[in-house]
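# Examining the three-dimensional arrangement
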Amino acid sequence: MKIAIYPGSFDPVTNGHLNIIRRAANIFDRLIVCVMVNAGKHPIFSLEERTELLRRVTEDLPNVEIDSTDELLAAYAKRRDCQVVVKGLRATSDFENEFQMALINHKINPDLDTMFLTSEHQYMYLSSSTIKELASYDVDLRDFLPEAIIPDVKKRINSMKTQGGTTHA
Ligand code: ADP
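So, a few notes on the structure that sits alongside this text. (Residues numbered from 1 in each chain as written. Predicted model: local features only at pLDDT ≥ 70, side-chain atom pairs only at ≥ 80, totals over all residues. Heavy atoms only, no water.)

## Considerations on the overall build of the chain
Broken down by element type, the chain carries six helices and five strands. In terms of overall size, the chain behaves like a compact globule, its C-alpha atoms giving a radius of gyration of 16 Å where 169 residues would be expected to give roughly 15 Å. Taking the principal axes of its C-alpha atoms as reference, the chain extends roughly 50 × 30 × 30 Å. Taken across its 169 residues, the chain has 47% of its residues classed as buried. Residue pairs in contact within the chain that sit at least 24 positions apart in sequence constitute 76% of those at least 6 positions apart. Counting every atom, the chain has about 9,200 Å² of accessible surface; 52% of that belongs to carbon and sulfur. Charge centroids of the chain, computed over 20 positive and 24 negative side chains, lie 2 Å from each other. (Helix = DSSP H or I, 4+ residues; strand = E, 2+ residues; numbered from the N terminus. Rg over C-alpha atoms; globule rule 2.2 N^0.38 Å. Buried < 20%, exposed > 50% of the residue type's maximum accessible area, 1.4 Å probe, protein only. Contact = heavy atoms within 4.5 Å. Areas by Shrake-Rupley, 256 points an atom, 1.4 Å probe, with all protein chains shown as cover. Lys, Arg positive; Asp, Glu negative; His and termini not counted. Charge placed at Lys NZ, Arg CZ, Asp CG, Glu CD.)

Dropping the structure here:
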């Protein structure tokens, strides 16, 4: 059984992420979407909330599992018996960092390979950070976010705005 892992911050999950999830779920027997702790980022949703939002938008995909971890990706993959890491590649800006991560993960866990799925053109410019900027304005977010989570995102951004919080990733 070929098991792949799609790691990320997913703060929140966007239509770009969901497109990669659907395509990867078609390729592998099982796909684990794993919300990772990233000390360098200041998420607006907790790990549990990001996990719940992902579960909500993938409930029609039977071979997709949502999980979270604070482990090193290479160690998590070994423990879960995953052979492949799936990454989405937007433009050249993603490439250098992802290439470096792929080499490091392979060095730590030689059984682990990274596969890149290129973003579809309509999602090429889409990132969770952009969404967090946009969500505080009166903009239709349906092209960017799964409809089921739009109220949650708007609500969180607006409550942060009234508390004077930052929306930067
Ligand atoms: P971001 O906060 O930049 O959206 P994440 O850490 O949540 O990033 O992203 C997880 C993975 O999803 C990464 O491999 C990233 O390159 C990929 N990804 C993010 N947005 C898109 C998109 N719009 N299209 C394709 N892949 C994407």
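## A short note on the sheet that holds strand E2 (residues 30–36)
Here five strands make up an open sheet; going across it, the order is E3-E2-E1-E4-E5 and the pairing parallel. Each end of this open sheet is capped by a strand with a single partner; those strands are strand E3 (64–69) and strand E5 (113–118). Within this sheet the neighbouring strands show an average axis-to-axis angle of 30 degrees, counted without direction. Of the pairings in the sheet, the one linking strand E1 (residues 3–8) to strand E4 (residues 84–89) comprises two bridges and is parallel in character. Paired with Ile 5 across the strands is Val 85, a residue of E4. Helix H1 (residues 15–27) contacts E1, E2, E3, E4 and E5 of the sheet and is inclined by roughly 120 degrees relative to E5. Sitting on the sheet, helix H2 (residues 47–57) is in contact with E2 and E3, with an inclination near 150 degrees to E2. (Pairing = 2+ DSSP bridges. Axes fitted to C-alpha atoms, helices over the stretch in contact; angles between N-to-C directions.)

## Considerations on the environment of Leu 89
In this structure, Leu 89 sits in strand E4. Separated by 74 residues in the primary sequence, Leu 89 and Gln 163 have C-alpha atoms spaced 35 Å apart. Not counting the four nearest positions on each side in its chain, Leu 89 is found in contact with Asp 94, Phe 95, Glu 98, Phe 116, Leu 117, Thr 118 and Ser 119.

## Focus: the layout of surface pockets
Approximately 1,100 Å³ is the volume attributed to the largest pocket. Along the wall of the largest pocket there are 44 residues; nearest its centre are Gly 8, Ser 9, Lys 41, Lys 87 and Glu 98. Secondary-structure elements contributing two or more residues to the lining of the largest pocket are E1, H1, E4, helix H4 (92–108) and helix H5 (128–134). In the lining of the largest pocket, the residues fall into 16 nonpolar, 17 polar and eleven charged. (1 Å grid on protein atoms, 1.4 Å probe; cavity = no way out; pocket = protein on both sides within 12 Å on 5 of 7 lines; lining within 4 Å. Points joined across faces, edges and corners; volume = space filled by probe spheres on them. Nonpolar A, V, L, I, M, F, W, Y, C, P; charged D, E, K, R; others polar.)

## Observations concerning the nonpolar core
Burial of nonpolar side chains together is a common tendency in soluble globular proteins. Counting residues in hydrophobic clusters, the biggest one holds 37 residues, and the most contacted among them are Ile 21, Val 33 and Val 86. Those elements that place two or more of their residues in this core are E1, H1, E2, H2, E3, E4 and helix H6 (150–162). In terms of residue count, H1 provides more of this core than any other element does, five residues in total. Setting aside residues up to four positions removed in sequence, Val 33 forms contacts with Tyr 6, Phe 10, Ile 21, Leu 54, Val 64, Glu 65, Ile 66 and Asp 67. If you look at the next biggest cluster of nonpolar residues, it comprises twelve residues, including Met 36, Leu 73, Ala 77 and Cys 82. (Core = buried A, V, L, I, M, F, W, Y, C linked by side-chain atoms within 4.5 Å.)

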